[in-house]
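So you can see what is in the structure, the chains are spelled out below.
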Amino acid sequence: MGGAASDAAAALAAAELEVEQLVTQEREAERDRGSSAARTEALELSLRRKDGAATLLAAADDDHAVLGTVASLLHVSGGHEAAVAAALGWASEALAVPSAEHAAAAIASLRREDAGRAALLVGATARPSDPATWPALEGSAVWAREVVRAPESVTPAVEQLLERVALVPTAGHAVALVARHPGVTAVTADGDVFGPGWARGGSSAGESLLELQAALDEARVAVETATARAERARFALTPARARAAEATRAVEAAAAALAASAEKAGKIQPMPAAETK
């Protein structure tokens, strides 16, 4: 009987440990979800525009058919957001529209309403280029176009802006590349840009819209991931608590059986020994 009680106690300890671990997982997931949600809200506030672009986005007018901000439409891989934003320049904070006619309508509405100015990217009017004619890059340098994905309606304009634009690690690499290949523009990881006959760079005024958008996308994924973790823990808690309750009943039953056995043993008196004559 002692073995049964011991097994029941071990099963209860395991069940209670499982419940404790799941409660901890749920609590940690909820904490992560809360912090990620707060970061998401802060980043959304940072991305709110207060210029002509904001007016066009808020209007959602079919006449100018804004496709969205360029920052929200592009996906940059490899952590190159700062460099790509520097390479795109004004376009990294622009809005995308499907045609020149839509761009004209958008600009006209801003002027009519005295609502500020906006930069617009028009994929339909961009000219194509052939990267096969570009020079081969060496080392860790990569063409900017290779790390950027965009919707088909925006891709031609983005590719035109990034024509012969290479991403390199340092200013030394950029200077050497531009000197070796006339017509190539090189952008460093810090966002300094070196082109044929010009350069721009220096300290950053803050994260670009591309960087903020990438951070927002990551924060939203973190919220979804943490929410899923919390839901899985909550779902697993119900049967785990049921197992703990069943194990508790088993321990109580084993204890009762032990007590009954002890009581029964106590009622059995040994027979007196026969007297020796």
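No experiment lies behind these values; they were computed from the predicted model shown.

Trainee: What am I meant to see in the overall build of the chain here?
Mentor: For the chain, the count of helices and strands is 8 helices and 10 strands. In summary, the chain has a C-alpha radius of gyration of 34 Å against a globular reference of 19 Å for 277 residues, an excess of more than 25%. C-alpha atoms of the chain, sized along the principal axes, occupy 130 × 50 × 35 Å. Per-residue burial over the chain gives 35% buried out of 277 residues. Here the analysis covers contacts within the chain between residues at least 6 apart in sequence; of these, 70% occur between residues at least 24 apart. Carbon and sulfur atoms make up 55% of the accessible area of the chain, which totals about 16,300 Å².

Trainee: For this particular structure, what's the right way to read the packing of helix α2 (residues 52-59) against helix α5 (residues 100-112)?
Mentor: Geometrically, a packed helix pair is captured by the angle between its two axes and the distance between the axes. Look at α2 against α5: their axes get within 10 Å of each other, and the N-to-C directions meet at 110°. As summarised for this structure, α2 and α5 are arranged roughly perpendicular, according to the angle between their axes. Listed contacts from α5 to G52, T55 and L56 of α2 are A106, S109 and L110. Of the residues belonging to the contact of α2 with α5, the class tally is 3 nonpolar, 3 polar and no charged.

Trainee: How should the environment of F194 be read in this particular structure?
Mentor: In this fold, F194 is placed in strand β9 (residues 193-195). F194 has contacts with A171, A174, V175, V178, V184, T185, A186, T188 and A199, leaving out every residue within four places of it along the chain.

Trainee: For this particular structure, what's the right way to read the pattern of salt bridges?
Mentor: Two side chains that carry opposite charge are able to pair once their charged atoms sit near each other. Inspection of every chain in the model, using the stated rule, returns 7 salt bridges. Residue E26 is joined to R234 by a salt bridge in which the shortest nitrogen-to-oxygen separation is 3.3 Å. Here the residue E26 occupies a position in helix α1 (residues 2-47), and R234 occupies one in helix α8 (residues 209-267), the gap between them amounting to 208 residues. Judged by its relative accessible area of 18%, E26 falls in the buried class. A relative accessible area of 35% places R234 in the partly exposed class. Across the salt bridge formed by E163 and R127, the nearest N and O atoms sit 3.0 Å from each other.

Trainee: What should I look at first to understand the sheet that holds strand β10 (residues 198-200) in this one?
Mentor: Strand pairing in a sheet relies on backbone hydrogen bonds. The paired strands run either parallel or antiparallel. Here 5 strands make up an open sheet; going across it, the order is β5-β7-β8-β9-β10 and the pairing mixed. At either end of the open sheet lies a strand with only one pairing partner, and these are β5 (142-143) and β10. Pairing analysis gives 4 bridges linking strand β7 (residues 165-168) to strand β8 (residues 185-188), with the strands arranged parallel. Within the sheet, the bridge partner assigned to L167 lies in β8 and is V187. Docked against the sheet, helix α4 (residues 81-88) engages β7, β8, β9 and β10, running at close to 140° with respect to β8.

Trainee: In this structure, what is going on with the sheet that holds strand β1 (residues 68-69)? I would like to understand it.
Mentor: Strand order in the open sheet formed by 3 strands is β1-β3-β4, and the pairing between neighbours is mixed. At either margin of the open sheet sits one strand with a lone partner, and together these are β1 and β4 (120-122). Along the sheet, α2 contacts β1, β3 (95-97) and β4; its crossing angle with β3, the most-contacted strand, is approximately 50°. Lying over the sheet, α5 contacts β3 and β4, oriented at roughly 165° with respect to β4.

Trainee: Can you walk me through helix α7 (residues 171-180) in this structure?
Mentor: Residues lying three or four places apart along an α-helix face the same way, a consequence of the helix completing one turn every 3.6 residues. Of all the residues in α7, the buried ones are A174, L177 and V178. Viewed along the axis of α7, the buried residues span an arc of 95°, placing them on a single side of the element. Where α7 is buried, its residues meet β7, β8 and β9.

Trainee: What's the story with unusual backbone geometry in this structure? I'm lost.
Mentor: For residues besides glycine, phi is generally negative; the peptide bonds are generally trans as well. Backbone geometry at D114 places phi at a positive 50°, although glycine is not the residue there. As for its position among the elements, D114 is in the loop between α5 and β4.

Trainee: Any chance you could explain the nonpolar core here in plain terms?
Mentor: Proteins that are soluble and globular tend to have nonpolar side chains buried together. Formed by 34 residues in total, the largest nonpolar core has its most connected members in V84, V148, L167 and V187. Elements that contribute at least two residues to this core include exactly α3 (70-73), α4, α6 (155-161), β7 and α8. Here V148 is in contact with L74, H75, V76, V84, V158 and L162, once residues within four sequence places are set aside.

Each value, and the rule that gives it
- Residues numbered from 1 in each chain as written.
- Predicted model: local features only at pLDDT ≥ 70, side-chain atom pairs only at ≥ 80, totals over all residues.
- Heavy atoms only, no water.
- Helix = DSSP H or I, 4+ residues; strand = E, 2+ residues; numbered from the N terminus.
- Rg over C-alpha atoms; globule rule 2.2 N^0.38 Å.
- Buried < 20%, exposed > 50% of the residue type's maximum accessible area, 1.4 Å probe, protein only.
- Contact = heavy atoms within 4.5 Å.
- Areas by Shrake-Rupley, 256 points an atom, 1.4 Å probe, with all protein chains shown as cover.
- Axes fitted to C-alpha atoms, helices over the stretch in contact; angles between N-to-C directions.
- Parallel < 35°, antiparallel > 145°, perpendicular 65-115°, else oblique.
- Nonpolar A, V, L, I, M, F, W, Y, C, P; charged D, E, K, R; others polar.
- Salt bridge = Lys/Arg side-chain N within 4 Å of Asp/Glu carboxyl O.
- Pairing = 2+ DSSP bridges.
- Arc of directions from axis to C-beta.
- Core = buried A, V, L, I, M, F, W, Y, C linked by side-chain atoms within 4.5 Å.

These figures capture arrangement, not role.
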